[in-house]
Amino acid sequence: MHYDPCQRTFDCAPTLTDSEVLEFCREGHLLLRGVVPDEINQRTCAWLDGDIPANPGYIPDGLTEADLDRIRFTHEPTSIFLEDWFIEHVLLNPQLAGAMRSLLGPNIGLPVLASHHRAECPMEAQRWHQDADHIYGPELRFLEVFYFPQDTPVELGPTELVPGSHIQPGGPRDEEEGGVFCDGPAGTIGVHHQSIMHRRGKSTAKGLRRMLKYNYWRTAPPQRDWIVEEDFDFQSAYYGGHGTARFYAHMFYWLCGKGDQFRIIGGQAWPWQTENQIGPSYGFDAKEGYQPNWRKDNPDGYAR
Ligand SMILES: [Fe+2]
């Protein structure tokens, strides 16, 4: 692990393989359960609750100690990012860092803003939504992370999300319809594409649910520098179904540094496929054809 405190960037070895990077493109999220040590989880809760003094490693230019004190007790307690123990064990958590390195390339920018989602449970679920200012596109220039410092079983209303929903507007979702829960023991960290549909799940237990949410930032152009699988086959890999495979595949190609070259010819052609074919799909490695129309301003869903 190389951490540059002046630039607030880090670098380390990637931990995800081709298949896992493609899986992230399809699902739009991954979950690391219980990866932060308990002592740090408890210290985070105590810091957020104001039970221990702040001890910032430094005071950023343009801010004063009074500013940091004020920030600490807002819904955006970003001064926690200046605590050395939080940097080492949460922001630079080894499992998280390896996943980030795989998805965001080298010299990843650390977050500059924290949101604290604090809920006195029990509580009704939030409405399904996508966060402000989300973008649909093949690019992966930042990732959103959330950290639960206390045990967060389904009963305490962890984040609930709709896998695969990060590529296009899904339309209003029935509030009765469920999703996938990001539950886990204290120290669970989730990673998701910022455009994914999600909500705070309904909680039935009594207690305080704290969650910190923040973004990691790409600083280098994408290339296929995660763990390459010798036998990974771009032609036969599973990219998704009708109407979705083209977007997940485009995202994967963008991460490989080949987003501009990505072309598809439509219909039953690659990247779509079914297990009942007697040969590979046509259209793989097409030099002419279309790109997926992320902006949805063409009725057939294709763009140049
Ligand atoms: Fe949200």
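Computed from a predicted structure; not experimentally measured.

Q: I'd like a description of the nonpolar core, backed by residues and values.
A: Counting residues in hydrophobic clusters, the biggest one holds 48 residues, and the most contacted among them are V21, M100, L103, V145, Y147, Y248 and F252. Those elements giving two or more residues to this core turn out to be α1 (18–27), α2 (38–48), α4 (84–91), α5 (94–104), β7 (142–148), β10 (188–192), β13 (212–217) and α6 (245–255). The biggest single contributor to this core is α6, with 8 residues. Summarising the domain contributions, this core has at least three residues from each of domain 1 (2–217) and domain 2 (230–304). With 5 residues, the next largest nonpolar core counts L161, V162, C182 and I196 among its residues.

Q: Let's hear about the domain arrangement of the protein: which residues, and what values?
A: Under the domain assignment, the protein is made up of domain 1 (2–217) and domain 2 (230–304). Contact with domain 1, which involves 14 residues of that partner, is made by 14 residues of domain 2. In terms of residue class, the side of domain 1 that touches domain 2 is made up of 7 nonpolar, 4 polar and 3 charged.

Q: Hey, could you go over unusual backbone geometry for me, with residue numbers and the actual values?
A: Backbone torsion omega between C121 and P122 reads 10°, so that peptide bond is classified as cis. Here P122 is to be found in strand β6 (residues 119–123). Omega for the peptide link from W270 to P271 comes to 10°, which places this bond in the cis form. With respect to the element layout, P271 can be found in the loop between α6 and β14 (291–292). In this structure, D133 is a non-glycine residue whose phi angle is positive, near 65°. Position of D133 relative to the elements: it lies in the loop between β6 and β7. The exposure class of D133 is exposed, given the 7 C-beta atoms found within 10 Å. Positive phi is not limited to glycine here, since K296 has a value of about 60°. Along the chain, K296 falls in the loop between β14 and β15 (302–303).

What counts, and at which threshold
Residues numbered from 1 in each chain as written. Predicted model: local features only at pLDDT ≥ 70, side-chain atom pairs only at ≥ 80, totals over all residues. Core = buried A, V, L, I, M, F, W, Y, C linked by C-beta atoms within 7 Å. Buried ≥ 20, exposed ≤ 12 C-beta atoms within 10 Å, placed from the backbone. Helix = DSSP H or I, 4+ residues; strand = E, 2+ residues; numbered from the N terminus. Domains from an automatic or database assignment. Contact = placed C-beta atoms within 7 Å. Nonpolar A, V, L, I, M, F, W, Y, C, P; charged D, E, K, R; others polar.

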